[in-house]
Amino acid sequence: MDNLNWLLEGLSQAATPMNLLYACIGVLLGTAVGVLPGIGPAMTVALLLPITYNVSPSAAFIMFAGIYYGGMYGGSTTSILLNTPGESSSVITALEGNKMAKAGRAAQALATAAIGSFVAGTIGTLLLVLFAPIVSRFAVSLGAPSYLAIMLLALVAVTAVLGSSKLRGCISLLLGLSIGLVGIDFLTGQPRATFGIPLLSDGIDIVVIAVAVFALGEALWVAAHLRRKPAEVIPVGRPWMGKSDWKRSWKPWLRGTAFGFPFGALPAGGAELPTFLSYITEKKLTKHPEQFGKGAIEGVAGPEAANNASAAGTLVPMLSLGLPTNATAAVMLTAFVSYGIQPGPTLFDKEPLLVWTLIASLFIGNFLLLALNLPLAPLWAKLLRTPRPYLYAGILFFAVLGAYAVNLQWLDLALLLVFGLLGLMMRRFGLPVLPLIIGVILGPRIERQLRQTLQLNEGNWSGVFTEPIAVAVYVVIAVLLVAPYLGRLVRGRVGTPVTETTREKENA
């Protein structure tokens, strides 16, 4: 009841006209920068940090929260419309969202993304209110063996999206894992696959790779076939979601929320893994498997919900432990310190009104995002009716701008071209793009957790089984690997007498 009373007090504080103005500014800025590839909410918060020193802490953090949530949604807009992920967490959305847009269902894809973001953000914020201390203690209790097991589970799940050819899918996955090796070895400090280029010491940013493979690769592919295929105007379609769309979206929204919030609260979580696991789950559970890869609405609803629920989960360890789990949370933590406030276990006792005002502003920000983006969905969709030469010229402009904005270095532009050509070749030879992206994301994380696990156990491989969560996850992995073979064996045994009987009838 104390939490509820503080939440009501925070709502009354956040709903003042001045704080509402800052919330609107944050949501608009966040959506705008989320649309630009590579800019991201973290950079925007960092840029705006100096100009907020003259406002109250509550107003500053309300604006930062709006930027954070707005950036999460804005990244999905370009993913759906232009196949250009604004954030690494929006990569999965591009898979089905852009296919829906090309089929004339861009408005529906944008609408399910907006509503899914609202549902997941609201539920995630409620869970933040109810379970922040509990989830934080659980997250801190997990060690490297458990994180390793969870990431290996995600890597095993990649086999579900390898495409029609397992060989091509595995080639794509290995390409991604190889790209993830580039940079300085975190344990020995030795450079790996940097080719003597110092700027590659920090590795290759996933946003640069995603923008190059998705956007530049798509633009080059279209340019290569523009003369062979007449230009077609993509229809906008109906402006709102139909009854079937609602029916197919509400369960993915809830399942995506269930994936996103816990992973956001994990110190090694992030939004990329839950969005991918949500996509895999929806592909397994859908009643329309033939639509996946061609524009399934479940493939947009689930990952977008996971994305925003993860954003709410990220605030759990930041507020209750002072532990940032992504770049935006780290910048917000810096803002807390600059105001003389130290996040941690005593924050809820020392600064209750500030904390609960920030949490209450998340509800307001979610509502503002829905009110802003849902009516604009048909208007955004009309961007696709732009003639293709102008449309892809715009895509290339924003791709170059986004790639350069990541680190402000010329090498990223060269990498953009290299990986854009790689994306073109992958389309030419039928290699799926998703395994490559997942390999780049998961490869370095798996390596880090594996080596930390071995270090803690003096090189003894039995150390990977030292935590109960890790053992449980490995059991799930074993079941997933063995189940298809057992299924074939059972079907084979059941099918044998039927086949013989059928042959006897045919002979008779």
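Worth saying up front: this structure is predicted, and the values here are computed from it rather than measured.

Caption draft 1: Spatial organisation of the overall build of the chain. Assigned secondary structure in the chain consists of 19 helices and two strands. Among the 508 residues that make up the chain, the fraction classed as buried is 53%. Put simply, the chain shows about 22,700 Å² of open surface, and 68% of that area lies on carbon and sulfur atoms.

Caption draft 2: Layout of the pattern of salt bridges. Taken as a whole and assessed by the stated rule, the structure comprises seven salt bridges. For the salt bridge of R105 with D245, the shortest nitrogen-to-oxygen distance reads 2.8 Å. One end of the pair, R105, is in the loop between α5 (91–102) and α6 (106–141); the other, D245, is in helix α10 (residues 243–265), and 140 residues separate them in sequence. The class for R105 is partly exposed, based on a relative accessible area of 23%. Classification of D245 by relative accessible area gives buried; the value is 4%. For D185, the salt bridge goes to R192, with nearest N and O atoms at 3.8 Å. Within this structure, D185, R192, E447 and R451 form a network of salt bridges that share partners.

Caption draft 3: Fine view of a nonpolar patch on the surface. Taken together, M18, L21, I25 and L29 make up a surface patch of nonpolar side chains, about 330 Å² in accessible area. Relative to the assigned elements, L21 resides in helix α2 (residues 17–35). Taking relative accessible area as the criterion, L21 reaches 45% and is therefore assigned partly exposed.

Caption draft 4: How the structure looks around the nonpolar core. Of all hydrophobic cores here, the largest spans 130 residues; its most connected members are F64, I209, L319 and I437. With 15 residues, the single largest contributor to this core is helix α4 (residues 57–82). Non-local contacts of I437, meaning those with residues more than four positions away in its chain, are made with V91, I206, I209, A210 and F214.

Caption draft 5: Main features of α5. Counted at 1.5 Å a residue, the expected span for α5 with its 12 residues is 16 Å, and the 17 Å between its end C-alpha atoms agrees. Following α5 by one or two positions, G104 has its phi on the positive side, about 85°.

Caption draft 6: Spotlight on the packing of helix α11 (residues 272–285) against helix α18 (residues 434–456). Running from amino to carboxyl end, α11 crosses α18 at an angle of 140°, the nearest separation of the two axes being 11 Å. One element, α11, and the other, α18, form an angle in the oblique class. Crossing of α11 against α18: the hand is left-handed. In this structure, α11 uses E272, L273, F276 and Y279 to contact α18, whose residues at the interface are L434, I438, I441, L442 and R445. Each residue belonging to the contact of α11 with α18 can be placed in one class, and the counts come to seven nonpolar, no polar and two charged.

Caption draft 7: Representation of unusual backbone geometry. Residue A193 is not a glycine yet carries a positive backbone phi of 55°. Of the residues examined, A193 reaches a relative accessible area of 40% and is grouped as partly exposed. One non-glycine residue with positive phi stands out, namely F195, at about 55°. Relative to the helices and strands, F195 resides in the loop between β2 (191–192) and α9 (206–225). Owing to a relative accessible area of 73%, F195 belongs among the exposed residues under this scheme.

Caption draft 8: How the structure looks around empty space enclosed by the protein. Tallying each qualifying case throughout the model produces two cavities of 30 Å³ or more. In this structure, the largest cavity spans a volume of roughly 40 Å³. Lining of the largest cavity is provided by Y73, A114, S117, F118, N308, N366, L369, L370 and N373. For the lining of the largest cavity, the elements supplying multiple residues, two or more each, are α6 and α15 (352–381). It is α15 that contributes the most residues to the lining of the largest cavity, four residues altogether. Taken together, the residues that form the lining of the largest cavity break down as five nonpolar, four polar and no charged.

Caption draft 9: Representation of a positive patch on the surface in the model. A grouping of K243, K247, K251 and K287 is seen on the molecular surface, where their side chains present a positively charged patch. Mapping K251 onto the fold places it in helix α10.

Caption draft 10: Representation of α11 within the structure. End to end, α11 covers 20 Å across 14 residues, agreeing with the expected 20 Å (1.5 Å per residue, within 8%). Where burial is concerned, most of α11 is hidden: 11 out of the 14 residues are buried. Within α11, the full set of buried residues consists of E272, L273, P274, T275, F276, L277, S278, Y279, I280, T281 and E282.

Caption draft 11: Examining the confidence of the model for the chain more closely. Chain-level statistics for the chain give a pLDDT mean of 78 and a share of 82% at 70 or above. Across residues 498–508, confidence stays below pLDDT 50; counting only partners more than four residues off in sequence or on other chains, it has zero contacts.

Caption draft 12: Highlighting the side chain of N308. Assignment of secondary structure puts N308 in helix α12 (residues 298–321). Beyond its immediate sequence surroundings of up to four residues, N308 is in contact with Y69, M72, S117, A120, G121 and N366.

Caption draft 13: Representation of the side chain of S117 in the model. In this structure, S117 sits in helix α6. A polar contact is formed between the side chain of S117 and the side chain of N308, at a distance of 3.4 Å. Filtering out sequence-adjacent residues up to four positions away, S117 remains in contact with Y73, E304, N308 and N366.

Rules of the game
Residues numbered from 1 in each chain as written. Predicted model: local features only at pLDDT ≥ 70, side-chain atom pairs only at ≥ 80, totals over all residues. Heavy atoms only, no water. Helix = DSSP H or I, 4+ residues; strand = E, 2+ residues; numbered from the N terminus. Buried < 20%, exposed > 50% of the residue type's maximum accessible area, 1.4 Å probe, protein only. Areas by Shrake-Rupley, 256 points an atom, 1.4 Å probe, with all protein chains shown as cover. Salt bridge = Lys/Arg side-chain N within 4 Å of Asp/Glu carboxyl O. Patch = residues over 30% accessible without salt bridge, like charges linked within 9 Å, V, L, I, M, F, W, Y side chains within 5 Å. Core = buried A, V, L, I, M, F, W, Y, C linked by side-chain atoms within 4.5 Å. Contact = heavy atoms within 4.5 Å. Expected span 1.5 Å × (residues − 1). Axes fitted to C-alpha atoms, helices over the stretch in contact; angles between N-to-C directions. Parallel < 35°, antiparallel > 145°, perpendicular 65-115°, else oblique. Left-handed = near helix turned anticlockwise from the far one by under 90°. Nonpolar A, V, L, I, M, F, W, Y, C, P; charged D, E, K, R; others polar. 1 Å grid on protein atoms, 1.4 Å probe; cavity = no way out; pocket = protein on both sides within 12 Å on 5 of 7 lines; lining within 4 Å. Points joined across faces, edges and corners; volume = space filled by probe spheres on them. Lys, Arg positive; Asp, Glu negative; His and termini not counted. Charge placed at Lys NZ, Arg CZ, Asp CG, Glu CD. pLDDT = per-residue confidence, 0-100. Polar contact = N/O pair within 3.5 Å; in protein donor to acceptor, adjacent residues only side chain to side chain.

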